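Chains, contacts and geometry: an overview
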Amino acid sequence: MRFVVMDLEWNGAYCRQTRGYFNEIIEIGAVRLDGGLLPAAEFHAVIRPQVSSELSSIVRDLTSITPEELEEQGKPFPAAMEEWIEWIGDGETVILTWSTTDLLVMMENCRYYYDDDRLPFMERYADLQAYCQQRIGTDSSQQMGLAAAAEALSI
(Lines give C-alpha, C1' and ligand atoms only; values in the text may rest on other atoms or scores of the structure.)
Protein backbone atom coordinates (compact mmCIF):
# COMPACT_ATOMS: atom_id res chain seq x y z
CA MET A 1 0.00 0.00 0.00
CA ARG A 2 1.23 3.48 -0.91
CA PHE A 3 0.50 6.74 0.84
CA VAL A 4 0.26 10.10 -0.95
CA VAL A 5 0.13 13.33 1.06
CA MET A 6 -1.68 15.97 -1.01
CA ASP A 7 -1.96 19.73 -0.52
CA LEU A 8 -3.86 22.19 -2.70
CA GLU A 9 -3.81 25.93 -3.08
CA TRP A 10 -6.81 27.70 -4.55
CA ASN A 11 -8.16 31.12 -5.34
CA GLY A 12 -11.74 32.02 -4.51
CA ALA A 13 -13.77 34.15 -6.90
CA TYR A 14 -17.30 34.69 -8.10
CA CYS A 15 -18.14 32.40 -11.02
CA ARG A 16 -20.88 33.40 -13.44
CA GLN A 17 -21.30 29.83 -14.69
CA THR A 18 -22.06 28.45 -11.22
CA ARG A 19 -23.69 31.71 -10.07
CA GLY A 20 -21.73 31.62 -6.89
CA TYR A 21 -18.39 31.59 -5.17
CA PHE A 22 -15.91 29.09 -6.64
CA ASN A 23 -12.62 27.85 -5.17
CA GLU A 24 -10.43 27.34 -8.23
CA ILE A 25 -7.34 25.17 -7.71
CA ILE A 26 -4.14 26.92 -8.74
CA GLU A 27 -1.57 24.46 -7.39
CA ILE A 28 -1.35 20.76 -6.54
CA GLY A 29 1.53 19.52 -4.42
CA ALA A 30 2.05 15.98 -3.21
CA VAL A 31 4.59 13.57 -1.78
CA ARG A 32 4.46 9.78 -2.21
CA LEU A 33 5.77 7.91 0.80
CA ASP A 34 7.67 4.62 0.66
CA GLY A 35 7.06 1.57 2.87
CA GLY A 36 8.97 3.23 5.71
CA LEU A 37 6.81 6.36 5.36
CA LEU A 38 9.74 8.37 3.98
CA PRO A 39 9.40 10.67 0.96
CA ALA A 40 9.90 8.69 -2.25
CA ALA A 41 8.59 10.99 -5.01
CA GLU A 42 7.13 14.48 -5.39
CA PHE A 43 4.44 15.96 -7.62
CA HIS A 44 3.90 19.63 -8.37
CA ALA A 45 1.56 21.31 -10.84
CA VAL A 46 0.77 24.99 -11.29
CA ILE A 47 -2.70 25.52 -12.76
CA ARG A 48 -3.72 28.51 -14.86
CA PRO A 49 -7.04 29.87 -13.58
CA GLN A 50 -9.95 29.86 -16.03
CA VAL A 51 -12.67 31.34 -13.81
CA SER A 52 -10.90 34.46 -12.55
CA SER A 53 -7.62 35.99 -13.65
CA GLU A 54 -7.59 38.08 -10.46
CA LEU A 55 -5.54 36.45 -7.72
CA SER A 56 -6.66 37.56 -4.27
CA SER A 57 -4.07 39.34 -2.14
CA ILE A 58 -4.69 36.80 0.64
CA VAL A 59 -3.72 33.94 -1.70
CA ARG A 60 -0.68 35.86 -3.02
CA ASP A 61 0.52 36.56 0.53
CA LEU A 62 -0.15 33.02 1.78
CA THR A 63 1.39 31.15 -1.16
CA SER A 64 3.82 33.62 -2.78
CA ILE A 65 2.30 32.57 -6.12
CA THR A 66 2.13 35.43 -8.60
CA PRO A 67 -0.30 35.99 -11.47
CA GLU A 68 2.71 35.92 -13.80
CA GLU A 69 3.72 32.48 -12.53
CA LEU A 70 0.20 31.17 -13.15
CA GLU A 71 0.14 32.61 -16.65
CA GLU A 72 3.65 31.49 -17.65
CA GLN A 73 3.91 28.10 -15.90
CA GLY A 74 0.28 27.19 -15.38
CA LYS A 75 -1.50 24.49 -17.31
CA PRO A 76 -5.24 23.91 -17.65
CA PHE A 77 -6.86 21.97 -14.79
CA PRO A 78 -7.72 18.93 -17.00
CA ALA A 79 -4.08 18.62 -18.13
CA ALA A 80 -2.84 18.85 -14.54
CA MET A 81 -5.38 16.19 -13.49
CA GLU A 82 -4.16 13.83 -16.22
CA GLU A 83 -0.58 14.22 -14.94
CA TRP A 84 -1.74 13.82 -11.32
CA ILE A 85 -3.65 10.61 -12.04
CA GLU A 86 -0.71 9.19 -14.01
CA TRP A 87 1.70 10.11 -11.19
CA ILE A 88 -0.45 8.36 -8.60
CA GLY A 89 -0.45 5.26 -10.81
CA ASP A 90 -2.11 1.93 -10.26
CA GLY A 91 -2.20 0.00 -7.06
CA GLU A 92 -3.62 0.58 -3.63
CA THR A 93 -3.01 4.17 -2.62
CA VAL A 94 -4.27 6.10 0.38
CA ILE A 95 -4.65 9.84 -0.17
CA LEU A 96 -3.83 11.88 2.94
CA THR A 97 -4.76 15.52 3.53
CA TRP A 98 -4.86 17.89 6.50
CA SER A 99 -8.65 18.12 7.01
CA THR A 100 -11.24 17.36 4.35
CA THR A 101 -11.22 20.83 2.78
CA ASP A 102 -8.75 19.97 -0.03
CA LEU A 103 -10.90 17.04 -1.12
CA LEU A 104 -14.05 19.15 -1.12
CA VAL A 105 -12.32 21.77 -3.28
CA MET A 106 -11.02 19.04 -5.61
CA MET A 107 -14.57 17.70 -5.93
CA GLU A 108 -15.84 21.21 -6.67
CA ASN A 109 -13.25 21.59 -9.45
CA CYS A 110 -14.06 18.16 -10.93
CA ARG A 111 -17.75 19.10 -10.92
CA TYR A 112 -16.94 22.36 -12.74
CA TYR A 113 -14.56 20.89 -15.35
CA TYR A 114 -16.02 17.40 -15.82
CA ASP A 115 -19.60 17.79 -14.59
CA ASP A 116 -18.81 14.99 -12.14
CA ASP A 117 -17.62 15.45 -8.56
CA ARG A 118 -16.23 11.90 -8.33
CA LEU A 119 -12.47 11.88 -7.75
CA PRO A 120 -11.09 9.37 -10.27
CA PHE A 121 -7.80 8.93 -8.41
CA MET A 122 -9.19 8.15 -5.00
CA GLU A 123 -10.23 4.83 -3.58
CA ARG A 124 -8.94 5.30 -0.03
CA TYR A 125 -8.57 8.41 2.06
CA ALA A 126 -7.48 9.51 5.52
CA ASP A 127 -7.81 12.89 7.23
CA LEU A 128 -4.47 13.47 8.99
CA GLN A 129 -5.89 16.31 11.04
CA ALA A 130 -8.61 14.13 12.56
CA TYR A 131 -6.13 11.30 13.10
CA CYS A 132 -3.57 13.55 14.83
CA GLN A 133 -6.19 15.18 17.03
CA GLN A 134 -7.45 11.76 18.09
CA ARG A 135 -3.92 10.53 18.85
CA ILE A 136 -3.02 13.72 20.74
CA GLY A 137 -6.33 13.66 22.56
CA THR A 138 -7.55 17.15 21.70
CA ASP A 139 -11.18 18.18 21.34
CA SER A 140 -12.29 17.34 17.80
CA SER A 141 -14.70 20.32 17.73
CA GLN A 142 -11.63 22.61 17.62
CA GLN A 143 -9.62 22.17 14.43
CA MET A 144 -5.92 21.99 15.17
CA GLY A 145 -3.49 23.61 12.76
CA LEU A 146 -0.61 21.62 11.29
CA ALA A 147 2.02 23.70 13.14
CA ALA A 148 0.26 23.14 16.48
CA ALA A 149 0.02 19.40 15.83
CA ALA A 150 3.72 19.19 14.90
CA GLU A 151 4.60 21.06 18.08
CA ALA A 152 2.37 18.79 20.21
CA LEU A 153 4.06 15.76 18.63
CA SER A 154 7.56 17.29 19.03
CA ILE A 155 8.17 17.16 15.29
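These numbers come from a predicted model, not from an experiment. (Residues numbered from 1 in each chain as written. Predicted model: local features only at pLDDT ≥ 70, side-chain atom pairs only at ≥ 80, totals over all residues. Heavy atoms only, no water.)

1. Considerations on the side chain of Asp-127
- Looking at where Asp-127 falls in the secondary structure, it is placed in strand β5 (residues 124–127).
- Arg-135 provides the closest opposite charge to the buried, salt-bridge-free Asp-127, at an N-O distance of 14 Å.
- Of note is the side chain of Asp-127, whose polar atom sits 3.3 Å from the backbone nitrogen of Ala-130.
- When sequence neighbours within four positions are dropped, the list of residues in contact with Asp-127 reads Thr-97, Trp-98, Ser-99 and Thr-100. (Helix = DSSP H or I, 4+ residues; strand = E, 2+ residues; numbered from the N terminus. Buried < 20%, exposed > 50% of the residue type's maximum accessible area, 1.4 Å probe, protein only. Lys, Arg positive; Asp, Glu negative; His and termini not counted. Salt bridge = Lys/Arg side-chain N within 4 Å of Asp/Glu carboxyl O. Polar contact = N/O pair within 3.5 Å; in protein donor to acceptor, adjacent residues only side chain to side chain. Contact = heavy atoms within 4.5 Å.)

2. Let's talk about helix α3 (residues 77–88)
- Its 12 residues give α3 an end-to-end C-alpha distance of 16 Å, which sits within 8% of 16 Å, the value for a rise of 1.5 Å per residue.
- Taken residue by residue, α3 has Phe-77, Ala-80, Met-81, Trp-84, Trp-87 and Ile-88 as its buried positions. Buried positions in α3, seen along its axis, are confined to an arc of 125 degrees and lie on one side of it. Pointing more than 90 degrees away from the buried face of α3 are the exposed residues Glu-82 and Glu-86.
- The secondary structure elements touched by the buried residues of α3 are β1 (2–15), β2 (20–33), β3 (39–46), β4 (93–97) and α4 (101–114).
- Once α3 ends, the next one or two residues include Gly-89, with phi positive near 75 degrees. (Expected span 1.5 Å × (residues − 1). Arc of directions from axis to C-beta.)

3. Observations regarding unusual backbone geometry
- Despite not being glycine, Leu-37 shows a phi value in the positive range, around 60 degrees.
- Structurally, the position occupied by Leu-37 is in the loop between β2 and β3.
- In this model, Ser-99 sits at a positive phi of 80 degrees, which is unusual for a non-glycine residue.
- Tracing the sequence through the fold places Ser-99 in the loop between β4 and α4.

4. Quick notes on the layout of surface pockets
- Taken as a whole, the largest pocket encloses approximately 250 Å³ of empty space.
- Lining the largest pocket are Phe-3, Val-5, Leu-33, Leu-37, Val-94, Leu-96, Ala-126, Leu-128 and Tyr-131.
- At the level of secondary structure, the elements contributing two or more residues to the lining of the largest pocket comprise β1, β4 and α5 (128–136).
- Taken together, the residues of the lining of the largest pocket break down into nine nonpolar, no polar and no charged. (1 Å grid on protein atoms, 1.4 Å probe; cavity = no way out; pocket = protein on both sides within 12 Å on 5 of 7 lines; lining within 4 Å. Points joined across faces, edges and corners; volume = space filled by probe spheres on them. Nonpolar A, V, L, I, M, F, W, Y, C, P; charged D, E, K, R; others polar.)

5. Comments concerning the sheet that holds β5
- Strand order in the open sheet formed by five strands is β3-β2-β1-β4-β5, and the pairing between neighbours is mixed. Bordering the open sheet on either side are β3 and β5, each of which pairs with just one other strand. Shown here is a sheet whose adjacent strand axes are inclined to one another by a mean of 30 degrees, direction ignored.
- Two elements, β1 and β2, share 13 bridges in a ladder whose sense is antiparallel. Looking at β2, one finds that Cys-15 is bridged to Gly-20.
- In the packing of α4 onto the sheet, the strands contacted are β1, β2, β4 and β5, and the crossing angle to β2 comes to about 120 degrees. (Pairing = 2+ DSSP bridges. Axes fitted to C-alpha atoms, helices over the stretch in contact; angles between N-to-C directions.)

Taken by themselves, the reported measurements are silent on function.
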